[in-house]
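Residues per chain, in single letters:
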Number of protein chains: 2
Amino acid sequence: MYQIGEFSRICQVSVKTLRHYDRIGLLKPAEVDRFTGYRYYDRSQLERMLLIQKLKRYGFSLEDIHILTRAENKGALREALLRQRVILTARQQEIGMTIRDLTLYLQNLEGTGDFMKTANKYDIRLAETERRTVLTYRQRMSVDDFGRYFSKLFERSAQEHFTPTGVTGAIYHDKEFDRDSSDIELFIGVKEEKDTEVMKPRLCAATLHRGSYSTLSEAYAALVSWIEENGYVWDGAPYEIYTKAIWSGCAVEDWETEVYFPVRKK
Amino acid sequence: MYQIGEFSRICQVSVKTLRHYDRIGLLKPAEVDRFTGYRYYDRSQLERMLLIQKLKRYGFSLEDIHILTRAENKGALREALLRQRVILTARQQEIGMTIRDLTLYLQNLEGTGDFMKTANKYDIRLAETERRTVLTYRQRMSVDDFGRYFSKLFERSAQEHFTPTGVTGAIYHDKEFDRDSSDIELFIGVKEEKDTEVMKPRLCAATLHRGSYSTLSEAYAALVSWIEENGYVWDGAPYEIYTKAIWSGCAVEDWETEVYFPVRKK
DNA sequence: GATAGACCCTGCCCCAAGGGGAAAGTCAAG
DNA sequence: CTTGACTTTCCCCTTGGGGCAGGGTCTATC
């Protein structure tokens, strides 16, 4: 039996953490003195602690660990590990991209001395968009997993024998941005006219964004600046068309997104 | 001038976040209506917001961003970016190791069905340690940056013309573990007898740990279990000897650490 | 001019995973 | 018997915001 301090040394975990885990029920001491409240740990706690730390390194929350380590959840653990591996791989690649971006920014900073400059590499064009017939699916959803909802549209398209044109996009109806809950209308282009929605031709300012969505705001900013400088005003819900995305099977740095802002002359 | 909602859409940032940044002074609106409290943003805020998001992606805290983006800190920003690139690179590699470890664990789980097992790959040996003459430096420090303090010892060794034996290690005097503040005594072996400390021969349980320090607790646990099973008791401050570490110039997965626990027969 | 609906405000409490520190109780050795 | 090391509980603090309540404002439409 080890006192909390010794156990802390062995596990390489602070005493505070051990008390925290006791309180949330994640790791109860083998014994607690009824009169003094002293906690005593033994080797079975040690094993469990190693497991907890391992899963924590893998990126699980304490709550997840709590659930996954209940003996009956062996299958769930396996699934969770597989999922987590995907998440970690994605995170690793994102860090790689971040490093490349940082390096570029650093070069720019050293070259120009301007730390505001964010490499405004966006070609803005003014375009009368073409008329599109589309299937749509509108719902309040998180911007992070809207990709998952496209399958609904593709299923419907297949079931009802539509002919997809290959266009996939999303309209952002909310004025404000909320990562977890936005009023998003997904659309996929189809050839048929019957039982479809129509996107009418509109005057838009548009540009092409390359790379992951975490820097999309730069495209938005470039568009909005352009609109203001050229005497237009923003007039309607902006939308994006995903010409190359995760489902195109290409690497994230090759993704391409077209961003459209409906505008009118001021 | 944009209302907070529009500005939120443009920057891809929630309204809550904008209000938060206003409150902490990171991004003040261009104008606040004195009567209604409405916030109005314009394009210079937009540029600043892009910068903030960029630095946030690079892993800086809002406070760091606040400080680094004051115009007079251009030099500090460059330094910080260079440091951050190192940190990101390290993080990326650590994720890589984590993924490999996860994969191993997953295979083990699928093979044995035992989710407790943590691959007990440690050979424990009982050893009478040799007598060592050492230079030491003892201080309360974080376990994460004790490496930095070794330079003090090497400088002293060089100045006072000692002959290093190549042994570097650390004794952990605290009973308990505290990542940010531990009573650690660093030591480097030297040949001379004069003006040095002496580590007397002691009976120790010892083992060799390979890889990064984040899984050192597994070695500790293995040692402690062995000690208990073989009728010894832990008796004194444990210490580690870093036979291959960051300064050996090898990759993190090839690091080698010997862990010693002083023991006596029960 | 009234009203609805969309927008905005402040203020309060909440999250995870603990850290810091105070005040007080416990244990073992000298 | 005292001292010092160790432990306990309790309360507040951190980062970067999210949720919600209660209430004010703006603009278009009737």
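If you're wondering where the values come from, they're calculated on a predicted model, not measured in any experiment.

How each quantity is defined
Residues numbered from 1 in each chain as written. Chains lettered and ligands numbered in written order. Predicted model: local features only at pLDDT ≥ 70, side-chain atom pairs only at ≥ 80, totals over all residues. Heavy atoms only, no water. Domains from an automatic or database assignment. Buried < 20%, exposed > 50% of the residue type's maximum accessible area, 1.4 Å probe, protein only. Helix = DSSP H or I, 4+ residues; strand = E, 2+ residues; numbered from the N terminus. Pairing = 2+ DSSP bridges. Near = heavy atom within 4 Å. Polar contact = N/O pair within 3.5 Å; in protein donor to acceptor, adjacent residues only side chain to side chain. Nonpolar A, V, L, I, M, F, W, Y, C, P; charged D, E, K, R; others polar. Least-squares fit on C-alpha atoms with pLDDT ≥ 70 in both. Contact = heavy atoms within 4.5 Å. Buried area = accessible area lost by both parts, 1.4 Å probe. Salt bridge = Lys/Arg side-chain N within 4 Å of Asp/Glu carboxyl O. Core = buried A, V, L, I, M, F, W, Y, C linked by side-chain atoms within 4.5 Å. Axes fitted to C-alpha atoms, helices over the stretch in contact; angles between N-to-C directions. Parallel < 35°, antiparallel > 145°, perpendicular 65-115°, else oblique. Phe/Tyr/Trp six-rings, centres within 6.5 Å; stacked < 30°, edge-to-face > 60°. Lys NZ or Arg CZ within 6 Å of the ring centre and 35° of its normal.

Peer 1: Explain the domain arrangement of chain A to me, and be specific about the residues and the numbers.
Peer 2: How big an interface is tends to be reported as the loss of accessible area on association of its parts. In terms of domains, chain A is made up of domain 1 (2-70) and domain 2 (125-265). On a C-alpha basis, the centroid separation for the pair domain 1 of chain A and domain 2 of chain A is 48 Å.

Peer 1: How would you sum up the pairing of strand 7 (residues 182-190) of chain A? Please name residues and give values.
Peer 2: Looking along a regular strand, one sees side chains alternate from face to face of the sheet. Residues and elements named next belong to chain A. Taking burial as the measure, the 9 residues of strand 7 include 9 buried ones, the bulk of the element. What you see with strand 7 is no split at all: Ser182, Ile184, Leu186, Ile188 and Val190 on one side and Asp183, Glu185, Phe187 and Gly189 on the other are buried throughout. Bridging between strand 6 (residues 164-172) and strand 7 involves 6 bridges; their strand directions are antiparallel. Note on strand 7: the bridge partner recorded for Thr168 is Ile188.

Peer 1: I'd like a rundown of the protein's contact with DNA strand D, residues and numbers included.
Peer 2: Near DNA strand D there are 20 residues, and of these Arg19 of chain A together with Ser14, Lys16, Tyr21 and Tyr38 of chain B occur at the shortest range. Among the atoms of DNA strand D lying within 4 Å of the protein, the sugar-phosphate backbone contributes 72%. Side-chain polar atom of Arg19 of chain A to a phosphate oxygen of DNA strand D: 2.4 Å apart, as the coordinates give it. Looking at the surface near DNA strand D, the elements with two or more residues in it are helix 1 (4-11) and helix 2 (15-24) of chain A together with helix 2 (15-23) of chain B. With 4 residues, the top contributor of residues to the surface near DNA strand D is helix 2 of chain B. When the residues that make up the surface near DNA strand D are grouped by side-chain class, the tally is 5 nonpolar, 9 polar and 6 charged.

Peer 1: Please give an account of the protein's contact with DNA strand C that cites residues and values.
Peer 2: The full set close to DNA strand C counts 21 residues, and Lys16, Tyr21 and Tyr38 of chain A together with Arg19 and Arg39 of chain B are the nearest of them. Here DNA strand C approaches the protein such that, of its atoms within 4 Å, sugar and phosphate make up 76%. In this structure, Leu62 of chain A approaches DNA strand C through a main-chain N or O atom, which is 3.4 Å from a phosphate oxygen. In the model, a phosphate oxygen of DNA strand C is placed 2.9 Å from a nitrogen or oxygen of the Gly5 of chain B main chain. Sorting the residues of the surface near DNA strand C by element identifies helix 2 of chain A together with helix 1 (4-11) and helix 2 of chain B as the ones contributing at least two each. Take the surface near DNA strand C: its biggest share by element is 4 residues, from helix 2 of chain A. Across the surface near DNA strand C, the residue classes tally to 5 nonpolar, 9 polar and 7 charged.

Peer 1: Describe the relation of the copies chain B and chain A, listing the residues and the values that go with them.
Peer 2: It takes a turn of 180° to lay chain B on chain A, together with a shift of 0.0 Å along the axis; the resulting RMSD is 0.1 Å. In short, the pair behaves as if placed about a two-fold rotation axis. The C-alpha atom lying nearest the rotation axis in chain B is that of Gln92 of chain B; the distance is 2.8 Å. Take the interface residues of chain B: 100% of them recur as interface residues in chain A, which is what a same-surface contact looks like.

Peer 1: An account of the interface of chain B and chain A is needed here, citing residue identities and associated values.
Peer 2: Residue-level contacts link 69 residues of chain B with 70 residues of chain A. Taking both sides of the interface into account, the surface hidden between chain B and chain A amounts to around 7,100 Å²; carbon and sulfur atoms contribute 65%. For the chain B face of the interface with chain A, the top three residues by lost area are Arg9, Phe115 and Phe177 of chain B, together amounting to 12%. Linking chain B with chain A are 12 salt bridges, by the criterion used here. As a salt-bridge pair, Arg43 of chain B and Glu229 of chain A come within 2.7 Å of each other at their nearest N and O atoms.

Peer 1: Pulling in residues and values, what's your account of the environment of Gly169 of chain B?
Peer 2: All names here are of chain B. Relative to the elements of secondary structure, Gly169 occurs in strand 6 (residues 164-172). C-alpha separation for the pair Gly169 and Met1, spaced 168 residues apart in sequence, amounts to 61 Å. When neighbours within four sequence positions are excluded, Gly169 is seen to be in contact with Phe150, Glu185, Leu186, Phe187, Glu240, Ile241 and Tyr242.

Peer 1: Can you lay out helix 1 of chain A for me, pointing to particular residues and giving the numbers?
Peer 2: Residue and element names in this part refer to chain A. Of all 8 residues in helix 1, 8 are buried, a share of seventy percent or more. Taken together, the buried positions of helix 1 are Ile4, Gly5, Glu6, Phe7, Ser8, Arg9, Ile10 and Cys11. Immediately downstream of helix 1, the backbone of Gln12 shows phi near 60°, a positive value.

Peer 1: For the nonpolar core, give the residues involved together with the corresponding values.
Peer 2: Membership of the largest hydrophobic core comes to 128 residues, with the highest contact counts inside it found for Leu81 of chain A together with Leu81 of chain B. Ignoring sequence-local partners within four residues, the contact set of Leu81 of chain B consists of Leu102, Tyr105, Leu106 and Leu109 of chain A together with Leu55, Tyr58 and Phe60 of chain B.

Peer 1: How would you explain the packing of helix 7 (residues 216-229) of chain A against helix 1 of chain B if you had to name every residue and give the values?
Peer 2: In the contact formed by helix 7 of chain A and helix 1 of chain B, the axes pass within 7 Å of each other and the chain directions differ by 125°. Comparing the axis directions of helix 7 of chain A and helix 1 of chain B gives the class oblique. Within the contact between the two elements, helix 7 of chain A uses Ser217, Tyr220, Ala221 and Val224 of chain A and helix 1 of chain B uses Arg9, Ile10 and Cys11 of chain B. By residue class, the composition of the contact of helix 7 of chain A with helix 1 of chain B is 5 nonpolar, 1 polar and 1 charged.

Peer 1: Residues and numbers for the sheet that holds strand 3 (residues 39-41) of chain A, please.
Peer 2: Residue and element names in this part refer to chain A. Across the sheet, 3 strands lie side by side as 1-3-2; this open sheet has antiparallel pairing. The strands lining the two open edges of the sheet, one partner per strand, are strand 1 (2-3) and strand 2 (31-32). Here strand 1 pairs with strand 3 via 2 bridges, running antiparallel. Paired with Tyr2 across the two strands is Tyr41, which belongs to strand 3.

Peer 1: Just give me the short version of unusual backbone geometry, but keep the residues and values in it.
Peer 2: Among all residues save glycine, negative phi is the norm, and among peptide bonds the norm is trans. At His161 of chain A, a position not held by glycine, the phi torsion is positive, near 60°. The exposed category is assigned to His161 of chain A, whose relative accessible area is 67%.

Peer 1: Tell me about the packing of aromatic side chains, and name the residues and values.
Peer 2: Residues and elements named next belong to chain A. Inspection of the entire model under this criterion finds 32 aromatic pairs over all chains. Look at Tyr38 and Tyr40: their rings are 6.5 Å apart centre to centre, the planes differ by 40°, and that puts the pair in the tilted class. What links up through ring pairs into an aromatic cluster is the set Phe146, Phe150, Tyr213, Tyr242, Trp247 and Trp255. Directly above the ring of Tyr232 sits Lys265, whose terminal nitrogen or CZ lies 4.2 Å from the centroid.

Peer 1: How would you summarise the side chain of Ser217 of chain B if you had to cite specific residues and measurements?
Peer 2: Looking at the element boundaries, Ser217 of chain B is found in helix 7 (residues 216-229). Once residues within four sequence positions are removed from consideration, Ser217 of chain B is found in contact with Ile10, Cys11, Gln12, Leu50 and Gln53 of chain A.

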